[in-house]
Amino acid sequence: MSTETRTIEELATQEYKYGFVTDVEADTVPRGLNEDTIRQISARKGEPEWLLEWRLRSYRTWLTLRDPDWANVKHDPIDYQDIIYYSAPRRPKTLKSLDEMDPEIRKTFEKLGIPVEEQKALAGVAVDAVFDSVSVATTFKGKLAELGIIFCSFSDAVREHPELVRQYLGSVVPYSDNFYAALNSAVFSDGSFCYVPKGVRCPMELSTYFRINAQNTGQFERTLIVADEGARVSYLEGCTAPMRDENQLHAAVVELVALEGATIKYSTVQNWYPGDKNGKGGIFNFVTKRGHCRGANSKITWTQVETGSAITWKYPSCILQGDNSVGEFYSVAVTNNYQQADTGTKMIHLGKNTRSTIVSKGISAGHGQNTYRGMVKIGKNASNARNYSQCDSLLIGDQCGAHTFPYIEVKNTSSQMEHEASTSKIGEDQIFYCRQRGLSTEDAVNMIVSGFCKEVFRELPMEFAVEAQKLLGVSLEGSVG
Amino acid sequence: MLEIKNLRARVGNKEILKGIDLVVKTGEVHAVMGPNGSGKSTLAGVLAGRAEYEVIEGSVTYDGHDLLALEPEERAREGIFLAFQYPVEIPGVNNAYFLKAALNAVRKHRGEPELDAMEFMALIRGKMKLLDMDQALMSRPINEGFSGGEKKRNEIFQMAVLEPTLAILDETDSGLDIDALKVVANGVNALRSPERSAIVVTHYQRLLNYIVPDYVHVLSEGRIVRSGGKELALELEDKGYGWIETALERA
Ligand SMILES: Nc1ncnc2c1ncn2[C@@H]1O[C@H](COP(=O)(O)OP(=O)(O)OP(=O)(O)O)[C@@H](O)[C@H]1O
Ligand SMILES: [Mg+2]
C-alpha cells in the first residue's frame, strides 16, 4: 500500500476517532426529502417567505428531472431519500497540541507545506493567540467594509442583504437548469456571498483567510458573486489539504455575475477524498458553476485544479452576453487509482467581439478515467467572436484513459475558432533521463507533470500555485515505478 | 575508480554484453570504439542503471562500492554522468530549472548547501561561456525543438555544471559541426583532472585529436577485442574494424 493511500485511510478514520458531540440529533432534520424537510430547513435558518417559495419551486422542478446519464462516469444509483439534508455543523473534539495529531496526517500536511497554525486549525487543535482567526477575519472584514465590499456567508447575506440576494440568486443558474442544480436550490445549506460595488477593485484575494472557517458549509453549497460595473475581484475556493466528508454527494452551485467592465477571477483547488486504492468510498462532486458576463467589456476567468473526488462532474461556464466580453477556462484535472472526472466548460458567445480561451490539461494515472467535455456556442448576433481551445492529456501507465468531446455550434459566419488537442505519455526514457541527473522518480514525475500544467498554474495566484503543484505531486505519488 | 569484471548483460532474451573487463583509474580517459550494434550504448546504459538491461553475470565496482546495487539517481549523485547518445525531450520543463534541481540533488547528497536561483545563475554563467551556450536555450523546455548539435552541447553543458567524477560520453561528437566539436572537447578537457575520469564512446578518431585518451578499447559483439594507447584509434581510422576482426580470426 502506498504511503498516500495509507495517509488517506488514516485520515478517513481520523474524524471517527475524534468522535462527535452526542447532542447532534437535536439540530438535524430527519433523513429523506419532501416539502416538509425543505420547510424545516428554511425555518431553522430563519429565511424569508420568498426564499422558502423559491426552494419549494426548485424542489417541485427537481421531482420532474432525472439524474443526467450522458456523463462518462459510472456509479451506483444514489438514494436521495437516504440523505440527511440539514444538520448543524459538527465540531470535532479539540486536541491539546499537534503532537496528538496522527503523524501520517502531519506528514501529508508538511508535504503540502501547510503552515503550522493552519495545520492546527484543520486538525481541530485549539488555536492560540498567535493565530486568532476571528480577529484576523475581523480586521479583514473591516477593510472590505470601508470599500463597500460585502463578503459573508450566504445565510448572513439572506438576512442582511436580502434585496441583493433576491435580485441575483438563480439569475445565472436557474433552478430548472439541471438535476443537481435543482436539488441544490431546494436544499442548499450555506456558502459564500460577495458583492463588489461599482468601480471598486477588491484589494485582496478573497477567502484565503477564510479557508478554515468556511469549510463546514456542508454538501449543498451555494456561492454567489456579483461584480458591479468596473469592479474587480479574485476569489479562491478550496483547500489543498485532503478533505474528508461523511457525505458522499456534493452538489454545489456557483453563480458569478459581471456587469459592464467588471472582472471576476475564480480559482479552485479541490482535493476531496478520492476513495481508496480500489475505488471504494470517495466523494461525488457534481457541481454547477456558471458565470455571466452581463455587461460589455466584462471578463470572467475560471481556473481549477481538481485532484480529489471519486467522481467529478463539473463544467464551469461563461455566458458572454456583453459585447467585447471575455471568458476563460484553465483546468487541470487529475485522476488516479479509480477516480473518474468528466469536466470541461461551456462558452456561450452572444455578444459581438466576444472572446473565449479554453486550456484543459487532463492527467490520468492508475485506472483513472479523464474526460474533457467542452461546448463552444456562437450565437447569431455574435459577430467576430473568437474561441481558442487547447485540450491536452497526459497518461501515466497504460490502464488509464483520456477522452475528449469538444462540441461546437456556430450560427455566425464571421467567428473564428481554433482547436488544438494532444495526448502524450510520460515515457520511461524521460524518467530515466531525470534520474540519471540525480532526481528521484517522484521528483521527475512532479517536474514533468508541472511542466505539462504550466499554462494553468500560471493563472493561479502565486501561493495557491505553489500549493497546487505540491498537491499534484502528492496525488500522483506512487503512480510510476 | 571503476572496475568492471566479466560483465554480461541482456535485453529480453538477447545477450548483448558477453563478458566485459575494464578498469578505469582515477584521472584516466578511456575511449571506447566499435562497430554499430557492438554494445557500446548498452555498456553505458548498464553503468548508468537503465532498467531494461539485465545484468546476468559479473560485477562493477565504483569507488570500492557495488555500483550495480545502486538506483540510477544514486549513481548520478555519486558522480556518474551519462551524456546520452539520444537526449530526450521533456516538454514544459525549463532547462535551467531542471539543471538547478539536478545540481541541488547532487549537492544535497554531498552535504553541500543547495543553491538558490541567484547563486545558480552566477554559477552557470561561466559554464555557458565555456560551452558557448545560447542564453535562449536555458529558458526553453529541455531539448524540445533543439537541433541535434544543440542537444549534444546541452549534455556537455549539464556535465560542466554537475562536475561528475566519472563522465560517460556516448557519441557526443555525432552530429556536431567542426566548431562545435572543438567547443565540446574544450568542455570535456576543462573537467580533466587527477580526480576525474571519463569513458568516451565514439566512432571517430577526430574527437580524440581534441580529447586525447589514455587508452582506447575496441568493442565487438559484446566483448572488448582489443585495447591499446591512443595510436590504436589512428590505426582503426586507417584500417577500419575489419582489420581487427580478421586479426582475431587469424589468432
Ligand atoms: N531495448 C532493446 N531491445 C532490443 N535490442 C536492443 C535494445 N537495446 C539494444 N539492443 C540491441 O543490442 C545491440 C547493441 O546495441 P547498442 O545500442 O549497445 O550498440 P552501439 O554499440 O551503441 O551501436 P551504435 O554505434 O549504433 O550506437 C544492438 O543489436 C541493439 O539492437
Ligand atoms: Mg550507441
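Structure shown above.
All values reported here derive from a predicted model rather than from experimental measurement.

### Thoughts on the pattern of salt bridges
Counting across every chain of the model gives 31 salt bridges over all chains. Of the charged contacts, one joins Glu 52 of chain B and Arg 50 of chain B as a salt bridge, the two residues approaching to 3.6 Å between their closest N and O atoms. Between Arg 107 of chain B and Glu 112 of chain B there is a salt bridge whose closest N-O contact spans 3.6 Å. Residue Arg 107 of chain B is classed as buried on the basis of its relative accessible area, which comes to 17%. Look at Glu 112 of chain B and you get partly exposed, because its relative accessible area is 30%. Overlapping salt bridges bring together Glu 35, Arg 39 and Arg 60 of chain A as one network.

### As for the sheet that holds strand 10 (residues 197-201) of chain B
All names here are of chain B. Strand order in the open sheet formed by 6 strands is 6-9-10-3-11-12, with mixed pairing between adjacent strands. The open sheet has two edge strands, strand 6 (80-83) and strand 12 (223-228), and neither has a second partner. Each adjacent strand pair in this sheet contributes to an overall mean axis angle of 20°, direction not counted. Contacts from helix 1 (residues 40-48) reach strand 3 (29-33), strand 6, strand 9 (166-170), strand 10 and strand 11 (215-220), with the element oriented near 145° to strand 9.

### Quick word on the pairing of strand 13 (residues 340-349) of chain A
Residues and elements named next belong to chain A. Within strand 13, 8 of the 10 residues are buried, which leaves it mostly tucked inside the rest of the structure. Here 4 bridges tie strand 10 (residues 311-314) to strand 13, and the two strands are oriented parallel to one another. Each bridged residue has a counterpart across the sheet, and for Ile 311 the counterpart in strand 13 is Gln 340. Sheet topology note: the strand 11 (residues 317-320)/strand 13 ladder contains 3 bridges and is parallel. The partner of Cys 318 across the bridge, within strand 13, is Met 347.

### Quick look at the interface of chain B and chain A
Contact with chain B, which involves 31 residues of that partner, is made by 17 residues of chain A. Where chain B abuts chain A, roughly 2000 Å² becomes buried across the two surfaces, and 63% of that area is made up of carbon and sulfur atoms. For the pair chain B and chain A, the number of links is 13 residue pairs in polar contact (both at pLDDT 80 or more). Among the secondary structure elements, those contributing two or more residues to the side of chain B that touches chain A are helix 2 (72-77), strand 6, strand 7 (90-94), helix 3 (95-109) and helix 6 (148-162) of chain B.

### Digging into the side chain of Gln 339 of chain A
All names here are of chain A. Along the polypeptide, Gln 339 turns up in the loop between strand 12 (326-335) and strand 13. By relative accessible area, Gln 339 is classed as buried at 6%. In terms of polar contacts, Gln 339 uses its side chain to reach the backbone carbonyl oxygen of Thr 307, at 3.0 Å. Each residue touching Gln 339, except ones within four places of it in the same chain, is listed here: Pro 274, Thr 307, Gly 308, Ser 309, Ala 310, Val 334, Gly 368 and Gln 369.

### Quick word on helix 11 (residues 441-457) of chain A
Residue and element names in this part refer to chain A. At Gly 451, helix 11 shows its largest kink, close to 45°. Among the 17 residues that make up helix 11, 12 are buried, leaving the element largely enclosed by the rest of the structure. Residues of helix 11 that are buried: Thr 441, Ala 444, Val 445, Met 447, Ile 448, Val 449, Ser 450, Gly 451, Phe 452, Cys 453, Val 456 and Phe 457.

### Re the nonpolar core
In terms of nonpolar packing, the biggest core is built from 65 residues, with Val 332, Ile 363, Val 449 and Leu 472 of chain A together with Leu 2, Ile 4 and Leu 47 of chain B touching the most fellow members. Looking at this core, the element that brings in the most residues is helix 11 of chain A, giving 9 residues. Core analysis: the next-biggest nonpolar cluster, separate from the first, contains 51 residues, Trp 62, Ile 83, Cys 152 and Tyr 175 of chain A among them.

### Section: the site of ligand 1
Residue and element names in this part refer to chain B. Taken together, 16 residues are adjacent to ligand 1, and Gly 37, Lys 40, Ser 41, Thr 42 and His 203 come closest. One of the side-chain nitrogen or oxygen atoms of Lys 40 is found 2.7 Å away from an oxygen atom of ligand 1. For ligand 1, a nitrogen atom lies 3.4 Å from a polar atom in the side chain of Glu 52. Protein contact buries 66% of the 630 Å² of open area that ligand 1 shows by itself. In terms of residue count, helix 1 provides more of the shell around ligand 1 than any other element does, 3 residues in total. Classifying every residue of the shell around ligand 1 by side-chain character gives 4 nonpolar, 8 polar and 4 charged.

### A word on the coordination of the magnesium ion (ligand 2)
All names here are of chain B. Within the protein, Ser 41 (OG) and Gln 85 (OE1) serve as the donor atoms for the magnesium ion (ligand 2), at 2.0 to 2.2 Å. Taken together, the positions of Ser 41 in helix 1 and Gln 85 in the loop between strand 6 and strand 7 put the pair 44 residues apart, joining distant regions of the chain. Using a relative accessible area of 17% as the deciding quantity, one classes Gln 85 as buried.

### Quick look at the packing of helix 6 of chain B against helix 7 (residues 178-191) of chain B
For any two helices packed against each other, one specifies the inter-axial angle together with the distance between the axes. Residues and elements named next belong to chain B. The interhelical angle for the contact between helix 6 and helix 7, taken along N-to-C directions, is 15°, at an axis separation of 10 Å. Relative to helix 7, helix 6 is oriented roughly parallel. Classified by chirality, the crossing of helix 7 by helix 6 is left-handed. Contacts between helix 6 and helix 7 pair Arg 153, Ile 156, Met 159 and Ala 160 from the former with Ala 180, Val 183, Val 184, Gly 187, Val 188 and Leu 191 from the latter. A class-by-class count of the residues in the contact of helix 6 with helix 7 yields 8 nonpolar, 1 polar and 1 charged.

### Here's the deal with the sheet that holds strand 5 (residues 65-66) of chain B
Residues and elements named next belong to chain B. On the basis of which strands lie adjacent, the open sheet formed by 4 strands has the order 2-1-4-5 and antiparallel pairing. The outermost strands of the open sheet, each flanked by one partner alone, are strand 2 (14-24) and strand 5. Across the sheet, helix 1 lies against strand 1 (2-11), strand 2 and strand 4 (54-62), angled at about 110° from strand 1, the strand it touches most.

### Side note on the packing of aromatic side chains
All names here are of chain A. Applying the stated criterion across every chain yields a total of 19 aromatic pairs over all chains. Here Phe 151 and Tyr 235 contribute two aromatic rings whose centre-to-centre distance is 6.1 Å and whose plane-to-plane angle is 85°, an arrangement assigned as edge-to-face. Remark: Tyr 235 occurs in strand 4 (residues 232-238) and Phe 151 occurs in strand 1 (residues 150-153); sequence separation between them is 84 residues. Like Phe 151, the residue Tyr 235 is buried in the burial classification. A network of ring pairs unites the aromatic residues Tyr 59, Trp 62, Tyr 80, Phe 179, Tyr 180, Phe 284, Phe 286, Trp 313 and Tyr 315 as a single cluster.

So, how was this worked out
- Each chain carries its own residue numbering, running from 1 in the written order of its sequence.
- Starting at A for chains and at 1 for ligands, labels are handed out in the order in which the entities are written.
- Since the coordinates come from a predicted model, pLDDT governs what is reported: local features require at least 70, and pairs of side-chain atoms require 80 or more to be given and counted, while whole-chain, interface and lining totals use all residues.
- Think of the side-chain values as coming from all heavy atoms in the structure, minus any hydrogens and water.
- Note on definitions: salt bridges are taken to be side-chain nitrogens of Lys or Arg within 4 Å of carboxyl oxygens of Asp or Glu.
- Residue exposure (1.4 Å probe, protein chains only): buried if accessible area is under 20% of the type maximum, exposed if over 50%, otherwise partly exposed.
- Two strands pair under a simple rule: DSSP has to find at least two bridges between them.
- In this description a helix means any DSSP run of H or I spanning at least four residues, a strand means any run of E spanning at least two, and both kinds are numbered starting from the N terminus.
- Interaxial angle, 0 to 180 degrees, is taken between N-to-C directions of lines fitted to C-alpha atoms, where a helix line uses only the stretch in contact.
- The contact definition used throughout considers only heavy atoms, calling two residues in contact when any of these lie within 4.5 Å.
- A 1.4 Å probe defines the accessible area here, and the buried area is the portion of it lost by two parts on being joined, summed over both.
- Two N or O atoms count as a polar contact when they lie within 3.5 Å, although within protein this holds only if one can serve as hydrogen donor and the other as acceptor, and sequence-adjacent residues are included solely when both atoms are side-chain atoms.
- The term bend refers to the angle at a residue between two fitted axes, each drawn through seven residues, those ending there and those starting there.
- Nonpolar cores were defined as sets of buried Ala, Val, Leu, Ile, Met, Phe, Trp, Tyr and Cys residues, with membership established by side-chain atoms within 4.5 Å.
- We call a residue near a molecule or strand when any one of its heavy atoms sits within 4 Å of it.
- Method for areas: the Shrake-Rupley scheme with a 1.4 Å probe, in which residue coverage is limited to the protein chains shown.
- Only Asp, Glu, Lys and Arg are considered charged in this grouping, and only Ala, Val, Leu, Ile, Met, Phe, Trp, Tyr, Cys and Pro are considered nonpolar; every other residue, Gly among them, is considered polar.
- Here the term donor refers to an N, O or S atom within 2.8 Å of the metal (or 3.2 Å for Na, K and Ca), and because water is left out of the atoms, sites may appear incomplete.
- The scheme is simple: roughly parallel for angles under 35 degrees, roughly antiparallel for over 145, roughly perpendicular for 65 to 115, oblique for anything else.
- Crossing handedness is read from the near helix: turned anticlockwise from the far helix by less than a right angle, it gives a left-handed crossing, and turned clockwise, a right-handed one.
- Pairing of aromatic side chains here covers Phe, Tyr and the six-membered ring of Trp, requires ring centres within 6.5 Å, and sorts the geometry by plane angle: under 30 degrees stacked, over 60 edge-to-face, intermediate tilted.

Interpretation in functional terms is not warranted from these geometric data alone.
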